[in-house]
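Structural overview
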Amino acid sequence: TSVTAETLYRRRRQILVILWGTGIAALLLILGGAAFMAGRITGPLAEMQSAAREMGAGNLSRRVQLRTGDELEDMAGAMNRMAAHLSETIAQLDAGKTRLETLLANLSDGVIVVTPERTMRTMNREAGEILDASKRVADAQEVQFETKA
């Protein structure tokens, strides 16, 4: 049983076509899988980046909605908790500031708040009347304070 050279050549060519076709199909499957996996990572990361930008700009009501079932979802939850905590802290600070401003405005004594650099931060109405600050502010005069050492 001898096989002709032409038959061998034809079989060899068929095997090469099958090998090349299989290799190209495998390469396309690998590239498609890589693109799919990259999309599963970059999509949530882009969402988190967008939310972080908005939160950084002051929109602390922005929340990240991810359902990936992995560490990215955990990170999104941590970002949401951080934004809620910051929002609560800012609200508490604003409430404290409002209480302090109300207290200062209603004191019958003059009160001046001075920074460590010895510049006036604020004063209540009575302190302004004592120092005639409205005239000084209108004349653009600076009020300086000295501490005795």
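This structure is a prediction, so every number in the text was calculated from the model and none was measured. (Residues numbered from 1 in each chain as written. Predicted model: local features only at pLDDT ≥ 70, side-chain atom pairs only at ≥ 80, totals over all residues. Heavy atoms only, no water.)

1. Re the environment of methionine 82
Looking at where methionine 82 falls in the secondary structure, it is placed in helix α2 (residues 71-106). Classification of methionine 82 as partly exposed rests on a relative accessible area of 44%. When the C-alpha positions of methionine 82 and leucine 60 are compared, they lie 9.2 Å apart, and in sequence the two are 22 residues distant. (Helix = DSSP H or I, 4+ residues; strand = E, 2+ residues; numbered from the N terminus. Buried < 20%, exposed > 50% of the residue type's maximum accessible area, 1.4 Å probe, protein only.)

2. Brief notes about the pairing of strand β2 (residues 120-123)
Pairing geometry for strand β1 (residues 112-114) and β2, over three bridges, is antiparallel. For isoleucine 112, the partnering residue across the bridge sits in β2 and is methionine 123. Between β1 and β2, which pair antiparallel in sequence order, lie five residues; one of them, arginine 118, sits at a positive phi of approximately 65°. (Pairing = 2+ DSSP bridges.)

3. Topic: the pattern of salt bridges
Within this structure, the stated rule accounts for four salt bridges. Two residues, glutamate 6 and arginine 10, come together in a salt bridge whose shortest N-O distance is 3.8 Å. Separated by four residues within a single helix, glutamate 6 and arginine 10 lie in helix α1 (residues 5-56), roughly one turn from each other. When the shortest N-O distance is used, the salt bridge between glutamate 126 and arginine 125 registers 3.5 Å. What you see here is one network of salt bridges that share partners, running through Glu47, Glu54 and Arg62. (Salt bridge = Lys/Arg side-chain N within 4 Å of Asp/Glu carboxyl O.)

4. Some remarks on the packing of α1 against α2
Closest axis-to-axis distance for the α1/α2 pair is 11 Å, and the angle between their directions is 10°. Between α1 and α2, the interaxial angle falls into the category roughly parallel. The residues of α2 that touch α1, namely those facing Arg40, Ile41, Pro44, Leu45, Met48, Ala51, Ala52 and Met55, are Leu72, Met75, Ala76, Met79, Asn80 and Ala83. Residue classes in the contact of α1 with α2 are distributed as 12 nonpolar, one polar and one charged. (Axes fitted to C-alpha atoms, helices over the stretch in contact; angles between N-to-C directions. Parallel < 35°, antiparallel > 145°, perpendicular 65-115°, else oblique. Contact = heavy atoms within 4.5 Å. Nonpolar A, V, L, I, M, F, W, Y, C, P; charged D, E, K, R; others polar.)

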